[in-house]
Amino acid sequence: MPEIVTPSRPPDDSGSWFSRRLLSRLTLLAPFLALAPLAAFGLMLALALGAEREADRRADLQRAATALSVAVEAELRGGIRVLEALAGSAGLAAGDLAVFRAEAQRVMARDAAWFTLVLTDGERQLLNLRYPAEAVLPPLRDPASVASVLRTGRALPSGLLDGFVALRVPVRVEGSVRFSLMAALEASAYARVLDQADMPRGWSAILLDAEGRMIARAASGAAAPEDLRPALAQPRQILSLGSLTAYAMPVGDSRWTLVTAATPDTFAATVLGWLVLATGAAAVLAGIGVVARIASRHRGQEAIRNRSQAEALARAAEQDRRRTDMLATVSHELRAPLTGLLGYTDLLAKADLPPTAKSWVEQQRRAGQALLALIGDVLDFARLDEGAVELEEADIEIAQLLEDCAGLMRSVAQQKGLGLRVQLDPGLPRWMRGDPMRLRQITTNLISNAIKFTERGEIVVSARLTARPERIEVAVVDTGIGIAPEALPRIFDRFRQERADTARRFGGSGLGLAICRRLVEAMGGAIGAESRQGEGSRFVFWVPFRPGAAPLAPAHDAGLRILVAEDVAASRLLLTAVLERAGHAVTATEDGPAALAALHGATFDLAVLDLHMPGLDGFGVAAALRTLPGEQGRVPLIALTAEQPEEVEPACRAAGFDAVLRKPFETRRLLGLIDALRGRAADPHPTARNGETAEDRRGVRSAGND
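The rules behind each value
- Residues numbered from 1 in each chain as written.
- Predicted model: local features only at pLDDT ≥ 70, side-chain atom pairs only at ≥ 80, totals over all residues.
- Heavy atoms only, no water.
- Helix = DSSP H or I, 4+ residues; strand = E, 2+ residues; numbered from the N terminus.
- Buried < 20%, exposed > 50% of the residue type's maximum accessible area, 1.4 Å probe, protein only.
- Contact = heavy atoms within 4.5 Å.
- Areas by Shrake-Rupley, 256 points an atom, 1.4 Å probe, with all protein chains shown as cover.
- Arc of directions from axis to C-beta.
- Polar contact = N/O pair within 3.5 Å; in protein donor to acceptor, adjacent residues only side chain to side chain.
- Patch = residues over 30% accessible without salt bridge, like charges linked within 9 Å, V, L, I, M, F, W, Y side chains within 5 Å.
- Salt bridge = Lys/Arg side-chain N within 4 Å of Asp/Glu carboxyl O.
- Lys, Arg positive; Asp, Glu negative; His and termini not counted.
- Charge placed at Lys NZ, Arg CZ, Asp CG, Glu CD.
- Core = buried A, V, L, I, M, F, W, Y, C linked by side-chain atoms within 4.5 Å.

Student: Would you explain the overall build of the protein in this entry?
Tutor: Within the protein, the regular secondary structure consists of 19 helices and 23 strands. Burial analysis of the protein (706 residues in total) assigns 40% to the buried set. The long-range fraction of contacts in the protein, counting pairs at least 24 apart against all pairs at least 6 apart in sequence, stands at 63%. Approximately 37,900 Å² of the protein is accessible, and the part contributed by carbon and sulfur atoms is 57%.

Student: Where do I start with helix α15 (residues 592-601) in this structure?
Tutor: Three or four residues apart is the spacing at which side chains of an α-helix point the same way, because the helix has 3.6 residues per turn. Buried residues of α15: Gly 592, Ala 595, Leu 596, Ala 598 and Leu 599, and no others. Projected onto a plane normal to the axis of α15, the buried residues spread over an arc of 160° and lie on a single side. In this structure, α15 carries His 600 and Gly 601 as exposed residues pointing more than 90 degrees from its buried face. Packing partners of the buried residues in α15 comprise β18 (561-565), β19 (585-589) and α16 (618-626). Its side-chain oxygen 3.0 Å from the backbone nitrogen of Ala 594, Asp 591 forms the N-cap of α15.

Student: Just checking my understanding: could you explain a negative patch on the surface for this structure?
Tutor: A contiguous patch of negative charge on the surface is contributed by Glu 390, Glu 643, Glu 646 and Glu 647. Mapping Glu 646 onto the fold places it in helix α17 (residues 645-655). Residue classification places Glu 646 among the partly exposed positions, given a relative accessible area of 35%.

Student: Help me understand the side chain of Asp 610, please; the structure alone is not making it clear to me.
Tutor: Summarising the element assignment, Asp 610 is placed in strand β20 (residues 606-610). According to the relative accessible area criterion, Asp 610 is buried, its value standing at 3%.

Student: Is there a simple way to think about the nonpolar core in this case?
Tutor: Soluble globular proteins tend to bury their nonpolar side chains together. Leu 117, Leu 181, Tyr 190, Leu 207 and Trp 256 are the most contacted members of the largest nonpolar core, which has 44 residues in total. A total of nine residues in this core trace back to one element, the largest contributor, which is helix α1 (residues 14-87). Counting 41 residues, the second largest nonpolar core, distinct from the first, contains Ile 396, Leu 446, Ala 450 and Ile 515.

Written out as structure tokens, the structure reads:
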């Protein structure tokens, strides 16, 4: 039987086929599956970046609110300080509203944002600069705030009132709060502060008062005040107000609040969109974004630090300028009455008094001179700091100036048992050109310091002429306590002394050497010191040498007939006493019409006219006098003013004045101007030089009170 052969079945490979099929599909999906972890990583990275950006945005929002709050508080406190300084003025303390009104008008003229100043006693307005002095003033608009200031005695900035911001400070009379002084400022002053902030685009900054009324807002940003008022209930907290993120920061203790708001951030949505469009590219872009973000963050932090430093420096400079202005203003206001008081004290000392009374007057004069010297130091430094001091040009006899300085201080040295001598180099010239008053001030200050810090021995003042370049070198050498080496580099800084107890032990304000350095540098010279502790010190300064000549001595013996027009009684009496003691015949008048009447009734050789008198002022009197015929129309005129001479010289020259004298005046300056004008009147037709005209020769001499 034949064998039946059956064909064999192929091996069953259905499993491997399925595997291959699955593998091929997976191979097609491999790129997408490989990108899945990257996409997940990109998504997580995007979320992390969004959270980090949101944290940075919130931190930036807080920093912006804090910086703007500090800037607004600085502006607010600056206004309050100016107002408090005005509240302590001498005119207000004396109850002279006319004088105080003039002082207040000068303060308002410095800042265009000040709208008006109001003085009230809690029931009615006593003074309002928006109304004439004789006008009927309106009733109080905010009696509650006035009552709060009078009750608590604290300065109070109120909210928005008729579109203005009101600052109120108490006015104390004899230690108790009697009045309230209010300044109304335009709210735009605070808007300018907000505009100075460098906030991101779309961010808003709004300044609100305690009632939620908007005082000012930054020009950037469009957030409405009503949308941000809920932030007032939760200050110093990040709040989500609809689509805005807000942060409220109180402004000091003013009951004002600064609210900053940021618009929504679309960074996360943008990144997610890129992930949807290109998953693979999203991971790469995310990595690049991380690097860019880190770099941007570092740059942003550096920019913020730089901006903060610049703002801090600007604030410090502004505070220093305001402090200097305040020192100059206060010193000048104190110096005016003190100079008058010393003038009367000098007159009283020359009167026939009992010995005991003379001793009291002399003690009063010395105390007043010490106080005047301290005020003069503060005023000198403030003017030097602003570059407002002008140097005089005159011929100086060097040896005589140094001998005068030593002679002035010799009695003080002898009281301490010290020797004081002047040692001059044989090659020292006799005359030089310069400012004698400032050189005398520097030398006297150095001698005074040497006496102050020397207990035994002597002080030697020496001078010599150095060559190449030619300069006058003055040295003051003592045998005192000396200066520590670590203190020498800062000895010429303001308010600096060697040790903390120096002012208590020896006195002084720490301004004398700083003023000496500024004056010497203003003359084109330099000053320095060398010392050994326990052995003594040597202070030396030099100024450029310019040859001078002996001035012609005036030969005026006869007294003049002088007309004085001054509305302030104390100044008028002092002028009369000084001029009569100098041998002149004085006719004193209290205003412009009286001065004109005196001019029509008598003949005068010279007139001293106050520029600011009620009714007809000094300019009007000068203009009327220049129209008179003959010699009376050519009488020399001296303008008396409390302003800087250089500010009024053009107007005085146009009105026909021959000289300007600043109040409070010094006797030697007044008499010096009179002698100079008398010399000019003695030669009414001088010969023209180099083709100059009479108008060219006519000028206004200035005499300040530096």
